[in-house]
Amino acid sequence: MRFRSFRAQLLALILTLTGGAQLVAFLLIARVHRADAHREIDRQLTEASRRFLKNVEQRNTDLAGRTEALSFDTGLRETLAATTTDRDTLTSVMANVRGRVGASLAALLSLEGKLLAETRDGPSAENIYRPLQLQADASESPNPRATSYGFIDGTLYSLTIVPLRAPDIVAWIAIGFPLDRAFLDELHDSTGVESLLRHGPTVLATTATPPGELISRPQILPTTGSAPATLELRYSLDEKLAPAQRLENVLLVVGAGSLLLAALIGAGFARRLTRPVQQLAAHTAVIARGDYATTITLDRTDELGRLAESFNRMSAGLAERDRVRDLLDKNVSPEVAAQLMRDGATLGGEEREVTILFADLRGFTTLSEQLPPRELLTLLNRYLDRMSAAIEEQGGVIDKFIGDAIMALFGAPVAQSDAPSRALAAALAMERALVAFNAELATEGRAPLGIGIGINTARIVAGNIGSHRRLNYSVIGDGVNVAARIESLTRTPEYRTSIIATAATMAASQVGPVSDRPSEKAVRTFRPLGTVPVKGRAEPVEIFAVDG
Amino acid sequence: MPRLPLPARWIFFALALAPFATAAFEVKLTDAKGQPIADAVVSLVPLDPPAVSPSNPPTKLTPPAAPLIVMQRGQEFIPYVTPIVVGSRVSFPNKDTEQHQCYSLSPAKKFTLPLYAGEDKAPIVFDQPGVVALGCNIHDWMVAYIVVLETPWFALSTTAGTATLADAPPGRYRLEIWHPRLAKTDTRELTLSSATSAPLAIALTLKPDRRIRRSTEKSGGGYK
């Protein structure tokens, strides 16, 4: 069986263990009960067999003793010993003997085994008495006797023969009693064992036939003069098992009850175990959605409780990371933030070719005198917001705001093969954005703003600059100064431009790949402005106005 | 029961030949286990009787003048076996303090004799040959035998199993041996001469002793 849920598996395990243990116990008990019943019946049958033989022997001995005692009766002895006594008299004497000793039949045999008289009518049973007499005569005992079973007139008798002494043994007296229903009933009363007496296929006597499966033991009773009879001692296995059966029934009920209880407890336990697991699983989905604020509470101190605490700590950690990232995003450009997240904030840098864009607001100083600082800041932020958007749209990275000035980088921290083109496109976009911003300002009744942008492309060092406690991602090098310097040249009226790029930028923008923005012009219009000296620099710089 | 249908005239003839009697003739009896047999009655019956004529008439055996004694003492008959010739008288004195009632149901002599202590009854004459088994109606274990013979040559074997027959003249005889435990009387022919002969050893097969065992306890049963 395969269960998909852990809960079902746990339940199945508990039920299998509990049920299995009970089943094994039940089967063992049932087996022991059956073995016990068989052994007990076996014992009883043995006892009944012994008792039967003992009862027969006892009765034989009683009858023999009484008959012998009676045989010393003077008158009886004289009559029986006299060879002249007629058969009718002998028969009546034997009937008297039978009555006195309490036998069912009595017979007189001569020393030669000839039947002289017997108390019953019908065919002579001499052939049955004769072997008894021979057996007794051969006995070494001073008290010769012999017993056997004999089948007479359709009845099985237990027969005993004793001598008649006068004072020598002059004749033999056989007496007998029948093995009838009464005798078997007596056996049943004393042993609880039922019995059936058969002679061949003929049932001679039987007690009640017990119900159910019978365990039967035959006892062969050898007879003189015919085939042996068989006593079948019987006991009902069902009857013997009845008390055990009741116990087993109780066990079944108790077993079913405990199984049910185990199922309930198991289900409860599994539920207690799986519900928090499910809760935790659900919570992971919550965390996956980015919801770190929701915490999970399992009111337990076990492993699962600790797991929930770990979840909450993880949530808190994730929330913290996000907060840091968010702050980072706001304070530095997303690219820088990503690099910081990736590489960590370490001092040092790498030399690479970067295009630097410097933008400065014209007329800001005048504006700052006219407006209250708060409004000024608002206005500045609106301006910077739009400029930033234009820069970032082109993949530029705002390096820093310096008052109303903007320093942006292209090609750092992420290298861009078309960085100069992007910078130029950004500059033009800024110009357009300022036009739109000025239209807004006009509706607000404010004076328009002007802008100056300087762009230079140079190999410089980019990296984290600062102290161990505070550092900024930035660039450093002569090229940066050049960019700032040429930005200020836009103030020169003769140039009639607000965007000036160096020759390096122009050249790089022309050899670089075509812009990935097909809507924009790939080729810029550059108007040479000649060469200008740059402060602190030996070589003059060739500059161009970017007109479109 | 052994009967000795012996014509008395042979005996007379034999007695007449008494001057020519043989030397004592001894029989030694043993049972199947080689044990000596006591209380056996050994007798000789002549096989060649002389012709009977008016001048030589048969004559009778002469029983002893005094009666033989089978007494009752300690609730036993003493002796156990008593061989006698036909016509002998036997008296049954009771030496016990208890009564006895001696009886015989044997065909050779049937009688019942109440015997009181110290009272003398007239002796009984045994006039028929045969074995007479004596019992006591009061004490079942008491048994004795009187063997009534028709020959003068008989003897009772001793505890050593020997029986000595004297005075029988030479001639052919039938040797008869009776014992309570013999199934039937043992008979065999033999010829006696005047010369002394070695003892005749005879092994016999005895039946089990069927005498009722007397209980040694006074309170116990008379037999078991």
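That block above? That's the structure.
In what follows, the accompanying structure is described.

Rules used in this analysis
- All residue numbers refer to position in the chain's written sequence, counted from 1.
- Key to labels: chains lettered from A, ligands numbered from 1, both in the order written.
- Since the coordinates come from a predicted model, pLDDT governs what is reported: local features require at least 70, and pairs of side-chain atoms require 80 or more to be given and counted, while whole-chain, interface and lining totals use all residues.
- The basis for the side-chain values is all heavy atoms of the structure; hydrogens and waters are excluded.
- Think of a nonpolar core as a cluster: buried Ala, Val, Leu, Ile, Met, Phe, Trp, Tyr and Cys residues, connected wherever their side-chain atoms sit within 4.5 Å.
- For every residue, the accessible area (1.4 Å probe, protein chains only) is compared with the maximum for its type, and the residue is labelled buried under 20%, exposed over 50%, or partly exposed between those bounds.
- Numbering of helices and strands starts at the N terminus; helices are DSSP runs of H or I of at least 4 residues and strands are runs of E of at least 2.
- Throughout, a contact is declared for two residues whenever any of their heavy atoms are within 4.5 Å.
- The term buried area refers to how much accessible surface (probe radius 1.4 Å) is lost by two components on association, counted for both of them together.
- Salt-bridge detection follows one rule: a side-chain nitrogen of Lys or Arg within 4 Å of a carboxyl oxygen of Asp or Glu.
- For the purposes of these results, a polar contact is taken to be a pair of N or O atoms within 3.5 Å, where, inside protein, one atom must be able to donate a hydrogen and its partner to accept one; residues adjacent in sequence count only when each atom of the pair is a side-chain atom.
- Ten residue types, Ala, Val, Leu, Ile, Met, Phe, Trp, Tyr, Cys and Pro, are classed as nonpolar, four, Asp, Glu, Lys and Arg, as charged, and the remainder, Gly among them, as polar.
- Aromatic contacts are taken between Phe, Tyr and Trp rings whose centres are within 6.5 Å, Trp giving its six-membered ring; a plane angle under 30 degrees counts as stacked, one over 60 as edge-to-face, and the others as tilted.
- Between any two strands, at least two bridges found by DSSP are needed for them to pair.
- Between N-to-C directions, angles span 0 to 180 degrees; the directions come from axes that are lines fitted to C-alpha atoms, helices contributing only their stretch in contact.
- A helix is expected to span 1.5 Å multiplied by its residue count minus one.
- The criterion for a disulfide is a pair of cysteine sulfur atoms lying within 2.5 Å.
- Patches draw on residues past 30% relative accessible area with no salt bridge. Two like charges within 9 Å are joined, as are two nonpolar side chains (Val, Leu, Ile, Met, Phe, Trp, Tyr) within 5 Å.
- Where accessible areas are quoted, they stem from the Shrake-Rupley method and a 1.4 Å probe; at the residue level, only the protein chains shown are allowed to cover.
- Relative orientations are named as follows: roughly parallel for angles under 35 degrees, roughly antiparallel for angles over 145 degrees, roughly perpendicular for angles from 65 to 115 degrees, and oblique for any other angle.
- The sense of a crossing depends on the near helix, which, turned anticlockwise from the far helix by less than a right angle, makes the crossing left-handed and, turned clockwise, makes it right-handed.
- All tallies of charge rest on Lys and Arg as positive and Asp and Glu as negative; His and the ends of each chain are not included.
- To locate a charge, take NZ of a lysine, CZ of an arginine, CG of an aspartate or CD of a glutamate.

**Details of the nonpolar core**
Residue and element names in this part refer to chain A.
Right, on to step 1. Of all hydrophobic cores here, the largest spans 44 residues; its most connected members are Phe52, Leu80, Leu179 and Leu221.
Right, on to step 2. Sorting elements by how many residues they give to this core places helix α1 (residues 6-71) first, with 9 residues.
Right, on to step 3. With near-sequence residues (within four places) excluded, Phe52 lies in contact with Tyr149, Leu179, Phe183, Leu184, Leu187, Leu221 and Leu231.
Right, on to step 4. Among the nonpolar cores identified, the runner-up in size contains 40 residues, and Leu376, Ile391, Ala427 and Phe526 belong to it.

**Some thoughts on the interface of chain B and chain A**
Right, on to step 1. Contact residues are listed per partner, giving 20 residues for chain B and 23 residues for chain A.
Right, on to step 2. Together, the buried faces of chain B and chain A total about 1700 Å²; carbon and sulfur atoms form 51% of this surface.
Right, on to step 3. For the interface between chain B and chain A, the tally reads 1 salt bridge.
Right, on to step 4. Among the salt bridges present, the one from Asp137 of chain A reaches Arg210 of chain B, with a minimum N-O distance of 3.5 Å.
Right, on to step 5. Counting the contacts that link chain B with chain A gives 8 residue pairs in polar contact (both at pLDDT 80 or more).
Right, on to step 6. Mapped onto the side of chain B that touches chain A, the elements with two or more residues apiece are β8 (100-106), β9 (109-115), β11 (130-136) and β12 (143-149) of chain B.
Right, on to step 7. The residue inventory of the side of chain B that touches chain A, partitioned by class, reads 10 nonpolar, 3 polar and 7 charged.

**Thoughts on the packing of aromatic side chains**
Right, on to step 1. In the structure shown here, the tally under the stated rule is 8 aromatic pairs over all chains.
Right, on to step 2. For the ring pair Tyr80 of chain B and Tyr145 of chain B, a centre distance of 5.7 Å and an interplane angle of 75° mean the geometry is edge-to-face. Separated by 65 residues along the polypeptide, Tyr80 of chain B in the loop between β5 (76-78) and β6 (81-85) and Tyr145 of chain B in strand β12 bring together distant segments of the chain.
Right, on to step 3. A relative accessible area of 16% places Tyr80 of chain B in the buried class.
Right, on to step 4. Residue class for Tyr145 of chain B comes out buried when judged on its relative accessible area of 3%.
Right, on to step 5. Consider the rings of Trp153 of chain B and Tyr173 of chain B, whose centres lie 5.8 Å apart with planes at 85°: the pair is edge-to-face. Taken together, the residues span a long stretch of sequence, with Trp153 of chain B in the loop between β12 and β13 (154-156) and Tyr173 of chain B in strand β15 (residues 171-178) at a distance of 20 residues.
Right, on to step 6. The class for Tyr173 of chain B is buried, based on a relative accessible area of 2%.
Right, on to step 7. Grouped by ring-pair contacts, the aromatic residues Phe52, Phe177 and Phe183 of chain A constitute a single cluster.

**Side note on the sheet that holds strand β4 (residues 155-165) of chain A**
All names here are of chain A.
Right, on to step 1. Read from one edge to the other, the open sheet built from 6 strands follows the order β2-β1-β5-β4-β3-β9, with strand pairing classed as mixed. Two strands lie at the open edges of the sheet, namely β2 (115-118) and β9 (223-224), each paired on one side alone.
Right, on to step 2. As defined by bridge partners, β4 adjoins strand β5 (residues 169-178) across 9 bridges and the pair is classed as antiparallel. Directly across from Arg165, in β5, lies its bridge partner Ile169.
Right, on to step 3. Packed onto the sheet, helix α2 (residues 74-81) meets β1 (105-110), β4 and β5 and runs at close to 95° relative to β4.

**Looking at the sheet that holds strand β14 (residues 162-165) of chain B**
All names here are of chain B.
Right, on to step 1. In space, the 3 strands of this open sheet follow the order β14-β1-β17, with mixed pairing throughout. The sheet is open, and its two borders are formed by β14 and β17 (200-203), each paired with just one other strand. Adjacent strand axes in the sheet meet at a mean angle of 25°, parallel and antiparallel pairs treated alike.
Right, on to step 2. Sheet analysis places strand β1 (residues 25-30) next to β14, joined by 4 bridges and oriented antiparallel. When the bridges of β14 are listed, Glu26 appears paired with Thr164.

**Let's talk about helix α12 (residues 478-489) of chain A**
Right, on to step 1. Given a rise of 1.5 Å per residue, 12 residues ought to cover 16 Å, and the 17 Å separating the end C-alpha atoms of α12 of chain A matches this to within 8%.
Right, on to step 2. Considered for burial, the residues of α12 of chain A that qualify are Gly479, Val480, Val482, Ala483, Ile486, Glu487 and Leu489 of chain A.

**Focus: the environment of Thr18 of chain A**
Right, on to step 1. Here Thr18 of chain A lies in helix α1.
Right, on to step 2. Separated by 245 residues in the primary sequence, Thr18 of chain A and Ala263 of chain A place their C-alpha atoms 9.0 Å from one another.

**Brief notes about unusual backbone geometry**
Right, on to step 1. A cis geometry characterises the amide bond from Ala166 of chain A onward to Pro167 of chain A, with omega recorded as -20°.
Right, on to step 2. With respect to the element layout, Pro167 of chain A can be found in the loop between β4 and β5.
Right, on to step 3. Note that the residue after Ile78 of chain B, namely Pro79 of chain B, is joined by a cis bond; omega there is 0°.
Right, on to step 4. By the secondary structure assignment, Pro79 of chain B is in the loop between β5 and β6.
Right, on to step 5. With a phi angle near 50°, Asp153 of chain A is a residue other than glycine that sits in the positive phi range.

**Structural notes on the pattern of salt bridges**
Residues and elements named next belong to chain A.
Right, on to step 1. In the structure shown here, the tally under the stated rule is 32 salt bridges over all chains.
Right, on to step 2. One salt bridge in this structure joins Arg459 and Glu351, with 3.5 Å as the shortest N-O distance. Placement of the pair is Arg459 in strand β14 (residues 450-466) and Glu351 in strand β11 (residues 348-362), with a sequence separation of 108 residues. Accessibility assignment for this pair places Arg459 and Glu351 in one class, exposed.
Right, on to step 3. Salt bridges here are not isolated pairs; linked through shared partners, they connect Glu375, Arg382, Arg386, Glu440, Glu444 and Arg446.

**Considering the state of the cysteines**
Residue and element names in this part refer to chain B.
Right, on to step 1. This structure, assessed with the given rule, holds 0 disulfides over all chains.
Right, on to step 2. Sulfur of Cys102: no disulfide; nearest cysteine sulfur belongs to Cys136 and is 7.3 Å away.
Right, on to step 3. The exposure class assigned to Cys136 is buried, which follows from its relative accessible area of 2%.

**Some details on a nonpolar patch on the surface**
All names here are of chain A.
Right, on to step 1. A cluster of nonpolar side chains, namely Val461, Ile465 and Ile476, defines an oily patch on the protein surface of about 220 Å² accessible area.
Right, on to step 2. Tracing the sequence through the fold places Ile465 in strand β14.
Right, on to step 3. When its relative accessible area of 33% is taken as the criterion, Ile465 is described as partly exposed.

**Re the packing of α1 of chain A against helix α5 (residues 181-191) of chain A**
Residue and element names in this part refer to chain A.
Right, on to step 1. Packing of α1 against α5 leaves a shortest axis separation of 10 Å and a crossing angle of 130°. Between α1 and α5, the crossing angle belongs to the class labelled oblique. Here α1 runs over α5; the crossing is right-handed. Of α5, the residues touching α1 (which contributes Gln44, Ala48, Arg51, Phe52, Asn55, Val56 and Arg59) are Phe183, Leu184, Glu186, Leu187, Ser190 and Thr191.
Right, on to step 2. Taken together, the residues of the contact of α1 with α5 break down into 6 nonpolar, 4 polar and 3 charged.

**A closer look at the packing of α1 of chain A against helix α6 (residues 237-288) of chain A**
Right, on to step 1. Running from N to C, α1 of chain A and α6 of chain A point in directions that differ by 170°, and their axes come no closer than 9 Å. Put simply, α1 of chain A runs roughly antiparallel to α6 of chain A.

**Notes on a positive patch on the surface**
Residues and elements named next belong to chain A.
Right, on to step 1. Where like charges cluster on the molecular surface, the positive patch consists of Arg7, Arg271, Arg272 and Arg275.
Right, on to step 2. If one sorts the elements of the positive patch by residue count, α6 sits on top with 3 residues.
Right, on to step 3. Note that Arg7 resides in helix α1.
Right, on to step 4. Residue Arg7 is classed as partly exposed on the basis of its relative accessible area of 34%.

**Overview of the environment of Ser474 of chain A**
Residues and elements named next belong to chain A.
Right, on to step 1. Turning to its location among the elements, Ser474 is positioned in strand β15 (residues 471-476).
Right, on to step 2. Sequence separation of Ser474 and Gly463 is 11 residues, and the distance between their C-alpha atoms is 5.7 Å.
Right, on to step 3. Once residues within four sequence positions are removed from consideration, Ser474 is found in contact with Asp399, Lys400, Met407, Val461, Ala462, Gly463 and Ile465.
Right, on to step 4. A polar side-chain atom of Ser474 sits 3.1 Å from a polar atom in the side chain of Asp399.
Right, on to step 5. For Ser474, the side chain forms a polar contact with the side chain of Lys400, separated by 3.1 Å.

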